[in-house]
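Observations on chain architecture
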Amino acid sequence: MGFDIQRFLSGRLSGHAGVLGIGYHAQGPGWLELSLPYDARLVGDPARGVIASGAIVTLMDMATSLSVWVKRDRFTPQATLDLRVDYLRPATPGRTVIGRGECLRLTRSIAFVRGQAHDGDPDDPLAHVAGTFMLLDA
């Protein structure tokens, strides 16, 4: 049958992701998109109304991590080894941020991922990420 990530993420998420309001957006072979709706509680710079970078890092860590589950077609324990986030521009106030994670390659014990965040136009990203996850069930 396979791992149904949309069902896994349905309803309200708990923990840090739940507090931030992160939710399922879309998926395909080896990739997953999550959404981070604009919320004034997440603003890091009140004068500009821009979502704080920590919320975007959380979104991208989760999107890239879950892309590994999508690629492996199962829920498995793993740990973030490295996640580099390059900010290209601030998020636009009032807009939902979409985080796309893609699992590029799996080895016996490591998953290689990349992703980007945008607020409406994938051709105008606000952040780019690259990272690795340790597969704990290898």
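Residues numbered from 1 in each chain as written. Predicted model: local features only at pLDDT ≥ 70, side-chain atom pairs only at ≥ 80, totals over all residues. Heavy atoms only, no water.

To continue, consider the overall build of the protein chain. Helix and strand counts for the protein chain stand at 3 helices and 8 strands. Sequence-ordered secondary structure for the protein chain, helices as α and strands as β, is α-α-β-β-β-β-α-β-β-β-β. Relative to a compact globule of 138 residues, whose C-alpha radius of gyration would be 14 Å, the protein chain shows 15 Å and is just as compact. Projecting the C-alpha coordinates of the protein chain onto the three principal axes gives extents of approximately 45 × 30 × 25 Å. Buried residues in the protein chain amount to 43% of all 138 residues. A sequence separation of at least 24 residues applies to 62% of the contacts in the protein chain between residues at least 6 apart. (Helix = DSSP H or I, 4+ residues; strand = E, 2+ residues; numbered from the N terminus. Rg over C-alpha atoms; globule rule 2.2 N^0.38 Å. Buried < 20%, exposed > 50% of the residue type's maximum accessible area, 1.4 Å probe, protein only. Contact = heavy atoms within 4.5 Å.)

Here the focus is the nonpolar core. Counting 25 residues, the largest nonpolar core has Ile-22, Leu-34, Leu-36, Ile-56, Leu-66 and Val-97 as the members making the most contacts within it. Contributing elements (two or more residues each) for this core: α1 (5–9), α2 (15–20), β2 (31–36), α3 (53–72) and β8 (127–135). Considering every element that reaches this core, the biggest residue donor is α3, with 9 residues. In this structure, Leu-66 is in contact with Ile-5, Leu-9, Leu-32 and Leu-34, ignoring residues within four places of it in sequence. Core analysis: the next-biggest nonpolar cluster, separate from the first, contains 6 residues, Val-68, Val-113, Phe-133 and Leu-135 among them. (Core = buried A, V, L, I, M, F, W, Y, C linked by side-chain atoms within 4.5 Å.)

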